[in-house]
Structures are given as structure tokens and as C-alpha cells.
Amino acid sequence: MDINIILIVIAFFVIVVALSSVRVVNQIERGIVFRFGRAQKEVREPGLRMLIPFAERMKKVNVQIVTMPVPTQEGITRDNVSVRVDAVAYFRVQDPLRATIEVQNYLYAVEQVAQTSLRSIIGKSELDDLLTNREELNRGLALMIDSPALGWGIHIDRVEIKDVQLPETMKRSMSRQAEAERERRSRVIVADGELRASQKLADASEIMSKTPGALQLRLLQTVVEVAAEKNSTLIMPLPVELLRFFDRATQATGQVAEQPREERAGPGEIEGDSQPRLEQAPLEDTPALTEAAVPEPAKERGAATC
């Protein structure tokens, strides 16, 4: 009876030990086995793996691509502009054994290398390169991070600069520069349009001068276009010949008005007096009039005549 109990206990202990030595490696992981503290060169692939109880232990390493945001770094560019730049790095474990042995914490190590490399890129680049030439900077940044990471069994897939933060004064300066550039382009375009229009007008005027009827046709066409709206007053210009006729008529009327009045005055009229003038009769032929016989108005006219 006691032997059966002992066998049951031993069997239960063996089963527990066997189960404790079984490890499951997921598809996204690789297993590194340490036997009495020494790493084995064979990397355990995904699946069910057996370990020697009390002699081996396994450390699992994730081989998926890791997305690591690089903290914002502040620096001064080569053209002395203070900027703040943040980036993101994509990498994966290429050699799980080296990533486990060569570096204590490969995630922290890659993050620190990415920060120092980003600061170095900021100091070597100009502001225009950070804003417009990011592809080349991304390749250079990935190369700088990948150089030490290869020794850790890490492969850098790509590194991208996400954002470049500028001081407010620099933003205002750049906006004024862009506005001035756009205004310059608009003025050049307007001037070029005026130049082409003037050339076309010069050609049209030359053609119309050779054909006088073309100018009259153009005038009629303009009248038709204006009259189509029916919301404006149309003033038709008069021909030059008609204006010259009125001018000659006006000059003829002015010459008639400037003739001396003596030539146009009738008998008994003098210049400046439109009333007929009374001629004075000789005194000897005028009968003597007494003072009593002459009326008062006649006296006054006589006095005025004398």
C-alpha cells in the first residue's frame, strides 16, 4: 500500500517536471535558450519546445517591426535658426541571439542613438533642407542609426522626420517672404500680359490703318455688344466730316456778326444808338416859337439838343 502511494507521488512529480519543461514559442517570437547560464547558438523557432528541467531557461525575443517615436529634439541649424524636430523610427530584431547578448535593452539603446543622430542631423542641415529636402535627410538619419544597431542584431527599416517646429518670428518672416514672392510673380505676369496685349493692339491698328472700313466695322461690332445688355445709355460718335461742317458754319456766322455797325445802320441811326436821330433844321427856316407856345416836353428836348 505504501509502495503504491510512493509510485503515485513519483509519477505526479515527473508529470509536473515534464510540464514545466515545455515551452510554447509564438510565431512572432524567437527563443534563446540558456543552459546553466550559457546561451545556446541554436535559436528556437516557433512551436512547442522542450527544455531540460532545472538546467535550461528560455528568453523570448519579439521579431516584429517596432515603431518608436523619437522625442522632440531642439537644436540650431547650420544657418543659425533654432528649431525643434521630432521623428519616428521603424526597426526590427534581425539576430535575436545578438540582440539578447550584445545589449542590455536594445529598445532603450536604439532610442538614445536615434536622439543623438537627430541632433547631429539638425546641426549639419540648413532650414530649407529640413523643410523641403526631407527624403535625403531621412536616408542620412537612418544610416547614422543603422551603423551601431547592426552590431546589436537590429535592422533599421526607415526613419522619418515628422515635424519641424519654428519660432513665431521665423514663421512671420517666412510668410512675409512668401507674400512678397507671390506679389512679384503677379506683377511679372500682369506686365507680360500687358506687353502681349500691346503687341496685338499694335498689329491690329496697323491692319486697320490699311483698311479704313475695318475701323467702321469694329465700331459697329462694339455698338452691337454694348446694346445687347439693354441697361446702359449708348452715345454714338459723329463723323469727323460732320463736325468740320458745323465748324465752318460757326466761323461764317461769326464773321457776319463782326461787321461794322455803320455798314448795317439805316438812315437816322448811329453806332451805339438804335433810336432814329432827329436832324436839326436850320434856325432861319424854323418859325419863332414863343416860350408859352412850346410844351414842357418840347422844352426839355430842346435843351437837351442844345
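Presented here is an overview of the structure given in this document. (Residues numbered from 1 in each chain as written. Predicted model: local features only at pLDDT ≥ 70, side-chain atom pairs only at ≥ 80, totals over all residues. Heavy atoms only, no water.)

Thoughts on the packing of helix 3 (residues 106-124) against helix 5 (residues 134-149)
Packing of helix 3 against helix 5 brings their axes to within 9 Å, and their N-to-C directions diverge by 140 degrees. Between helix 3 and helix 5, the crossing angle belongs to the class labelled oblique. The crossing of helix 3 and helix 5 is right-handed. Where helix 3 approaches helix 5, its residues Val113, Ala114, Ser117, Leu118, Ser120 and Ile121 are matched on the opposing element by Leu137, Gly140, Leu141, Met144, Ile145 and Pro148. Taken together, the residues of the contact of helix 3 with helix 5 break down into 9 nonpolar, 3 polar and no charged. (Axes fitted to C-alpha atoms, helices over the stretch in contact; angles between N-to-C directions. Helix = DSSP H or I, 4+ residues; strand = E, 2+ residues; numbered from the N terminus. Parallel < 35°, antiparallel > 145°, perpendicular 65-115°, else oblique. Left-handed = near helix turned anticlockwise from the far one by under 90°. Contact = heavy atoms within 4.5 Å. Nonpolar A, V, L, I, M, F, W, Y, C, P; charged D, E, K, R; others polar.)

Things to note about the nonpolar core
Counting 37 residues, the largest nonpolar core has Val83, Tyr106, Trp152, Ile154 and Ile156 as the members making the most contacts within it. Of all elements in the fold, only strand 2 (29-35), strand 6 (66-76), strand 7 (82-93), helix 2 (96-101), helix 3, helix 4 (127-132), helix 5 and strand 8 (154-165) reach the threshold of two or more residues within this core. With 8 residues, the single largest contributor to this core is helix 3. In contact with Val83, not counting residues within four places along its chain, are Gln73, Glu74, Gly75, Thr77, Ile122, Leu127, Leu130, Val164, Gln165 and Leu166. (Core = buried A, V, L, I, M, F, W, Y, C linked by side-chain atoms within 4.5 Å. Buried < 20%, exposed > 50% of the residue type's maximum accessible area, 1.4 Å probe, protein only.)

Points about the side chain of Thr77
Summarising the element assignment, Thr77 is placed in the loop between strand 6 and strand 7. Setting aside chain neighbours within four positions, we find Thr77 in contact with Val83, Ile122, Gly123, Ser125, Glu126, Leu127 and Leu130.

Let's talk about the pattern of salt bridges
Inspection of the entire model under this criterion finds 9 salt bridges. Two residues, Arg158 and Glu160, come together in a salt bridge whose shortest N-O distance is 2.3 Å. Note that Arg187 is salt-bridged to Glu183, the shortest N-O span being 2.9 Å. Here the residue Arg187 and the residue Glu183 both occupy positions in helix 6 (residues 168-210), the gap between them amounting to 4 residues, near one helical turn. On the basis of relative accessible area, Arg187 is assigned to the exposed category, the value being 58%. Given a relative accessible area of 38%, Glu183 falls into the partly exposed group. Within the structure, one salt-bridge network assembled from shared partners comprises Glu181, Arg184 and Arg185. (Salt bridge = Lys/Arg side-chain N within 4 Å of Asp/Glu carboxyl O.)

Examining a nonpolar patch on the surface
A contiguous nonpolar surface patch, about 790 Å² in accessible area, is contributed by Ile3, Ile6, Leu7, Ile10, Phe13, Val14 and Phe54. Tracing the backbone shows Ile6 in helix 1 (residues 2-20). A relative accessible area of 48% means that Ile6 is categorised as partly exposed. (Patch = residues over 30% accessible without salt bridge, like charges linked within 9 Å, V, L, I, M, F, W, Y side chains within 5 Å. Areas by Shrake-Rupley, 256 points an atom, 1.4 Å probe, with all protein chains shown as cover.)

A look at unusual backbone geometry
One non-glycine residue, Phe54, lies in the positive phi region at around 65 degrees. With respect to the secondary-structure elements, Phe54 resides in the loop between strand 4 (47-50) and strand 5 (56-62). Positioned with a positive phi, Asn80 is a non-glycine residue whose angle comes to about 60 degrees. Topologically, Asn80 is positioned in the loop between strand 6 and strand 7. Of the residues examined, Asn80 reaches a relative accessible area of 67% and is grouped as exposed.

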